[in-house]
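Architecture and fold: a report
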Amino acid sequence: MIHVAPSPHLSNTAQTTRRMMIDVLIGLAPVVGVAVYVFKMYAVIQLATCVVSCLAAEALFTRMRGNKMTLCDFSAAVTGVILALSLPGTAPWYVGVIAAFVAIGIAKAIFGGIGMNLFNPAMVGRAFVMIAFASALGASGYMDAGSAVDAITQATPLTAFKQGGITTPLSALFWGTTNGSLGETSAIACLIGGLYLCLRRTASWEIPTGVIAATVVLGGIGNLVCPGAQWTVLHHLLGGALLFGAFFIATDPVSSPLTPKGKFIFGAGTGAIIMLLRVFSGYPEGVMFAVLLMNAVTPLINRWTIPRPLGGK
Amino acid sequence: MGFKFKGFGGGGSFAHGVHPPERKNFSGDAAIEVVPPPGKVMLPLLQNVGAPSVEAVKPKTVVAVGEMVAKGSAFVSAPIHTPIAGKVMKTGMTTLANGRHVKAMPIKADGEQLTGQALWNDVFGGEWPRDDLDQYDGKQIVDAIQGAGIVGLGGAAFPTHVKYVPNDEKPIDTVLINGCECEPYLTADYRVMLEAPDPVITGTLLLGKVTGAREMIIGIEDNKPEAIEVLTRAAAGTGIRIAVLKTKYPQGSEKQLIVAATGREVPLGGLPLDVGVAVSNVGTVAAVARAVLRGKPLTHRVITVTGAGIRNPKNLLAPIGITMGELIDYCGGLTPDAARMVAGGPMMGFAFSDMNAPVTKGTSGITILTHDDLKREEETNCVRCGRCVDVCPMNLVPTKIALASRYKDAELAQQYNIMACFECGSCAYICPANLPLVQLIRTGKAVVIAAGKK
Ligand code: SF4
Ligand code: SF4
């Protein structure tokens, strides 16, 4: 059988949408590992709840819209894992389920499925439950876990500092033996998984670089303005969801800009908003809002950063 | 970025691009074979960019090898000569591999033919003296090129004489010869460089003479060390420089080659002439040498027949006007798993299904791909990963252009410089969503052109 089709006649089969999503899952593995190690069954249950709910929601909504089944591209699974990792382990099961259905149904399916959404689905889902179940996800949400697991009997590092002036040691932030959302506690796990994604070019390195650069610059200025501050630039970098957000959330290709320059601007903007929220807002953590805000400006960034074509002015 | 090669301005590469599998191994070591003259050739009357040629002989005329049978109808047009001796038949229609229906003149073989070693000697063999090139003046050289019907043999088929007419306003200071052959699979230029370095060098010197260029550069990708060596030796003492360029697709595209070898950027919508450069392919310059020194027209060219779907991949010296099918048969025919026949290389070539499609001056190869080569994943929505942006050698935003094309938004497409796309296929090659980006952009260009005409 001889086929006729337009050029090019070769394609890079090693790179497909599905392969990218599998890459993200591989990149998330160290983070999942630490989450399970620190939070035990809390993490396992939350991950299972969110992933299953996301897959179910994807199946339901694609069927409703009469679209092709897209479960096999693993994008819903990725949303599920990221969503779970962004929640406290102690959040009740229905929080995960509702967040998942909002993420897939509202943030993704309504726009037309994979690739069409403007906002990061996991963050939309999380934002919804954050507002709807403020107590389960607010600062106090992290402290009612009881004594089953040592790490989560305390406040998260950022809350502890904001409310009690307690500085968590850098080593605890680095290894991840603190309280927090499931995936955010361990800086090292985020770095390992994130570097893998950047090396595979599944995540664009310009985005985390932008986030980190903005954090360092603004945190540095902060340190200069009030010397002797206990919460240093390094605490900002390693603590909270900053690295998790920089490598796994902000790098969602769909809702971030297209060009390298645009990606850096997007990252820097995200980093800057995180710092502003951390320092000036009532919320101890700002990654989610920062990413969503920058998602909103992504189309604009794309417009500002149309590259100069070869030979163009 | 990159390091500068001593002695020339470019960085040896251009920005972006892709690395498709090279697959030169199928035919790289196969010496050029001379194809026996066919019983009939079909000479399409449109084989160049520009105006078609028009019949210069009546049906039933008996013609000798190399006789002109159609003449150029405009300045940007080229005459056509018969590769075989025979009788001219009534002009009919034929379908080229790129799908265009064009007029074509059949010639039936009759009489004494040029074959085998004699044909080889006539085209590439023998001496190519370069000591007394001063006997030819510029006009003589350009006239010889025009008279010989030479067009760019790299695939573009732009009439060569047009590039070299003296132009006082835009003088050419650099003659750049393209020996990159960056399309995967193809090895025709490579074999010409290895087996016929002398006409390549002599032809380059001739073009240097016409233009009075200060620099003559032959650009070769670094995956062809033997060609680099052979040409370096052949060029010794001539002032021609061999530029070793990075192996990367599309290094052989005119604008990318100019950046890589000279560091100059051809302005958007402009020509190489605008930056003082003229680019010709190595096969083309060999044809120039032959036309000037021997007074012979372009009647044959080297064609690679290759891929996993052909039994015996070869490089052939074939008469223009022979059918694709005859060349495929000469190479042992298709294998059972052959899935697609491409005229040219797999990145920019045209898929065809008609074995009767004739070879034209621009046919650089026939690539036969198998089902395995074509294994494509299903198309998904664009995930806006930006990979297409990362690889576009023109620094465009392919996904935006494709989207604008899909929605027939001419204005948006132009905002994203759709016309600068030269359809190299890098973006479609890399796209994880498997979007038919080039196809969409092609449609978009048609929309833009239609909108402009309104
Ligand atoms: S490479 Fe494909 S999926 Fe990625 S942005 Fe370009 S068109 Fe979209
Ligand atoms: S947009 Fe055009 S020039 Fe750019 S990579 Fe795609 S086909 Fe090539």
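Quick caveat, the model's predicted, so the values are computed rather than measured. (Residues numbered from 1 in each chain as written. Chains lettered and ligands numbered in written order. Predicted model: local features only at pLDDT ≥ 70, side-chain atom pairs only at ≥ 80, totals over all residues. Heavy atoms only, no water.)

Some points on the sheet that holds strand β12 (residues 240-245) of chain B
All names here are of chain B. The four strands lie next to each other as β12-β11-β10-β13, forming an open sheet whose pairing is parallel. Each edge of the sheet is formed by a strand with only one pairing partner; in this case those strands are β12 and β13 (277-281). When strand polarity is set aside, the average angle formed by the axes of neighbouring strands in this sheet is 25 degrees. Both strand β11 (residues 215-221) and β12 contribute to a ladder of six bridges, which runs parallel. Across the sheet, the residue bridging to I220 is V244, located in β12. (Pairing = 2+ DSSP bridges. Helix = DSSP H or I, 4+ residues; strand = E, 2+ residues; numbered from the N terminus. Axes fitted to C-alpha atoms, helices over the stretch in contact; angles between N-to-C directions.)

Considerations on empty space enclosed by the protein
Residue and element names in this part refer to chain A. Inspection of every chain in the model, using the stated rule, returns eight cavities of 30 Å³ or more. Counted as a void, the largest cavity has a volume near 280 Å³. At the level of secondary structure, the elements contributing two or more residues to the lining of the largest cavity comprise α1 (17-39), α3 (75-85), α5 (121-132) and α12 (242-249). Of the residues forming the lining of the largest cavity, the biggest block, four residues, is contributed by α3. For the lining of the largest cavity, the residue count by class is 14 nonpolar, six polar and two charged. (1 Å grid on protein atoms, 1.4 Å probe; cavity = no way out; pocket = protein on both sides within 12 Å on 5 of 7 lines; lining within 4 Å. Points joined across faces, edges and corners; volume = space filled by probe spheres on them. Nonpolar A, V, L, I, M, F, W, Y, C, P; charged D, E, K, R; others polar.)

Points about the UniProt feature "binding site: [4Fe-4S] cluster 1" (unreviewed entry) in chain B
Residues and elements named next belong to chain B. Under the UniProt annotation, the feature "binding site: [4Fe-4S] cluster 1" (unreviewed entry) is placed at C382, C385, C388 and C431. Across 50 residues of sequence, these annotated residues stay compact in space, with a maximum C-alpha separation of 10.5 Å. Residue placement: C385 occurs in the loop between α10 (371-374) and α11 (387-391). Relative to the assigned elements, C388 resides in helix α11. (UniProt positions renumbered as here; feature names shortened; annotations may be inferred.)

Looking at the site of ligand 2
Taken together, 13 residues lie around ligand 2, and C392(B), C421(B), C424(B), G425(B) and C427(B) are the ones closest in. Residues that form the shell around ligand 2 fall into these classes: ten nonpolar, two polar and one charged. (Near = heavy atom within 4 Å.)

Looking at the pairing of strand β18 (residues 365-370) of chain B
Residue and element names in this part refer to chain B. Counting buried positions along β18 yields six of six residues, so the element is predominantly enclosed. A two-sided burial pattern is seen for β18, the buried positions comprising G365, T367 and L369 on one face and I366, I368 and T370 on the other. Direction of pairing for strand β14 (residues 300-306) relative to β18: parallel, over a ladder of three bridges. Each bridged residue has a counterpart across the sheet, and for T304 the counterpart in β18 is G365. Relative to β18, strand β16 (residues 338-343) is paired through five bridges, and the arrangement is antiparallel. Bridge assignment links M341 to a residue of β18, and that residue is I368. (Buried < 20%, exposed > 50% of the residue type's maximum accessible area, 1.4 Å probe, protein only.)

Let's talk about the packing of α1(A) against helix α2 (residues 41-65) of chain A
All names here are of chain A. Packing of α1 against α2 brings their axes to within 6 Å, and their N-to-C directions diverge by 130 degrees. For the element pair α1 / α2, the angle class is oblique. Contact residues: α1 offers V32, A35, V36 and F39, while α2 offers M41, Y42, A43, V44 and L47. Class assignment of the residues belonging to the contact of α1 with α2 gives a composition of nine nonpolar, no polar and no charged. (Parallel < 35°, antiparallel > 145°, perpendicular 65-115°, else oblique. Contact = heavy atoms within 4.5 Å.)

Topic: the side chain of T304(B)
All names here are of chain B. With respect to the helices and strands, the residue T304 is situated in strand β14. There is a polar contact of 2.8 Å between the side chain of T304 and the backbone nitrogen of A188. With sequence-adjacent residues up to four places away left out, T304 is seen in contact with S27, Y185, L186, T187, A188, K314, N315, S364, G365 and I366. (Polar contact = N/O pair within 3.5 Å; in protein donor to acceptor, adjacent residues only side chain to side chain.)

Notes on the site of ligand 1
Close to ligand 1 lie 13 residues, the nearest being C382(B), C385(B), G386(B), C388(B) and C431(B). Considered class by class, the residues forming the shell around ligand 1 number nine nonpolar, two polar and two charged.

Describing unusual backbone geometry
Residue P8(A) is bonded to the preceding S7(A) through a cis peptide linkage, with omega at -5 degrees. A positive phi angle, close to 50 degrees, is found at R23(B), a residue other than glycine. Overall, R23(B) belongs to the partly exposed group, its relative accessible area being 30%.

Focus: the sheet that holds strand β1 (residues 32-34) of chain B
Residue and element names in this part refer to chain B. Strand order in the open sheet formed by six strands is β1-β15-β14-β18-β16-β17, and the pairing between neighbours is mixed. Two strands close off the open sheet at either side, each with one partner strand: β1 and β17 (350-352). The average undirected angle you get between the axes of adjacent strands in this sheet is 30 degrees. Pairing between β1 and strand β15 (residues 314-319): three bridges, direction parallel. Counterpart to V34 in the pairing with β15 is L317. Along the sheet face, helix α1 (residues 116-123) touches β1, β14 and β15 and points at about 120 degrees away from the line of β1.

Re the UniProt feature "binding site: [4Fe-4S] cluster 2" (unreviewed entry) in chain B
All names here are of chain B. Following the UniProt record, one finds the feature "binding site: [4Fe-4S] cluster 2" (unreviewed entry) at C392, C421, C424 and C427. The named residues occupy 36 residues along the chain; their greatest pairwise C-alpha distance, 10.5 Å, places them in one compact cluster. Note on placement: C421 falls in the loop between α13 (410-415) and α14 (426-430). What makes C421 buried here is its relative accessible area of 11%. Setting aside residues no more than four positions away along its own chain, C421 makes contact with L396, I441 and K445. With respect to the element layout, C427 can be found in helix α14. Residue contacts for C427: discarding those within four places in its chain leaves C388, V391, P398, L437 and V438.

Section: α1(B)
All names here are of chain B. For α1, the set of buried residues is L119, W120, D122 and V123. Down the axis of α1, the sector holding all buried residues measures 160 degrees, keeping them to one side. For α1, the secondary structure elements touched by its buried residues are β1, α4 (188-195), α8 (282-294), β14 and β15. (Arc of directions from axis to C-beta.)

Here's the deal with the interface of chain A and chain B
If you look at the interface, chain A gives 46 residues, while chain B gives 66 residues. Buried area between chain A and chain B, both sides added, is near 4,500 Å², and the carbon and sulfur share of it is 55%. Ranking the residues of chain A by area buried against chain B places H9(A), L10(A) and L310(A) at the top, with a combined share of 19%. Taken together, the connections running from chain A to chain B amount to two salt bridges. With its nearest N and O atoms 3.1 Å apart, the salt bridge here joins E265(B) to R308(A). At the junction of chain A with chain B, the criterion picks out 22 residue pairs in polar contact (both at pLDDT 80 or more). Where the side of chain A that touches chain B is concerned, the elements lending two or more residues are α1, α13 (260-280) and α14 (287-304) of chain A. (Buried area = accessible area lost by both parts, 1.4 Å probe. Salt bridge = Lys/Arg side-chain N within 4 Å of Asp/Glu carboxyl O.)

Considering the side chain of T238(B)
All names here are of chain B. Note that T238 resides in the loop between α6 (225-235) and β12. Since its relative accessible area comes to 17%, T238 is described here as buried. A polar contact of 3.2 Å, which involves the side chain of T238, links it to the backbone nitrogen of I240.

Here we look at the environment of A196(B)
All names here are of chain B. Examined against the element boundaries, A196 turns out to sit in the loop between α4 and α5 (197-211). In this structure, the C-alpha to C-alpha distance between A196 and P52, residues 144 residues apart in sequence, is 31 Å. Leave out the neighbours within four places in its chain, and A196 touches F124 and R191.

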